[in-house]
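# What the coordinates show
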Amino acid sequence: MKHDYTSVQNIYIICGKTDMRKGIDGLATLIQDTFELDPYGDSIFLFSGWSKDRYKCLYFDGDGFAMLYKRLDNGKLQWPKDENEVRNLSQQELRWLLEGLSLQQPKAISKSVKGVF
C-alpha cells in the first residue's frame with residue numbers, strides 16, 4: 001500500500017509532545033477536540049513524542065484512517081516545542097523536518113512576490 005501524499009491539501013504538525021501510546025481514535029479525538037480541526041478532511045497530521053526519534057502520521061483516505069509510525073535508526077527530528085500549537089506546513093517544510101532539519105531555514109531562498117516593472 002503506497003500512496004502519493006504530495007497532493008494533500010493540508011499538512012499539520014502537532015507541536016510539542018504527544019503521548020505516542022495513542023492510536024487512531026485517540027489521535028483523531030485530539031485533532032478534533034483540542035485543536036478544533038477536521039480529522040476527516042484532506043489533511044495529514046503529524047505527531048511526535050518525548051524522544052523525537054519517532055513520529056506518527058494520521059490520514060483519512062476516504063474509507064478509513066491510515067496511520068504511519070516511523071522510528072529513526074539515527075538522529076532525531078527537530079520538532080517544534082510550542083505546546084498546544086498546530087502549524088500548517090508546506091511540502092518543502094515537511095521534507096526539511098523529516099530530513100532532520102529545522103522548519104526555519106534562514107539561508108533558503110524564499111519565494112518572491114510579483115513585482116511591477
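If you look the protein up in an unreviewed UniProt entry, it shows as Transposase from Ureibacillus massiliensis 4400831 = CIP 108448 = CCUG 49529.

## Observations concerning the pattern of salt bridges
For the structure on display, the rule yields five salt bridges. Note that Arg54 and Asp53 form a salt bridge whose closest N and O atoms lie 2.9 Å from each other. By relative accessible area, which is 26% here, Arg54 ends up partly exposed. Taking relative accessible area as the criterion, Asp53 reaches 15% and is therefore assigned buried. Two residues, Arg87 and Asp82, come together in a salt bridge whose shortest N-O distance is 3.0 Å. Connected through salt bridges with shared partners, the residues Asp82, Glu85 and Arg87 form a single ionic network.

Reading the values: the criteria
Here the residue index of a chain counts from 1 through its sequence in written order. Under the rules for a predicted model, residues below a pLDDT of 70 receive no local features and side-chain atom pairs below 80 are neither given nor counted, while totals for whole chains, interfaces and linings still include all residues. Values shown for side chains rest on all heavy atoms present in the structure; no hydrogens or waters enter the calculation. Counted as salt bridges are all cases of a side-chain nitrogen of Lys or Arg within 4 Å of a carboxyl oxygen of Asp or Glu. Each residue is assigned to one of three classes by its accessible area relative to the maximum for its type, calculated with a 1.4 Å probe on protein chains only: buried under 20%, partly exposed between the two thresholds, exposed over 50%.

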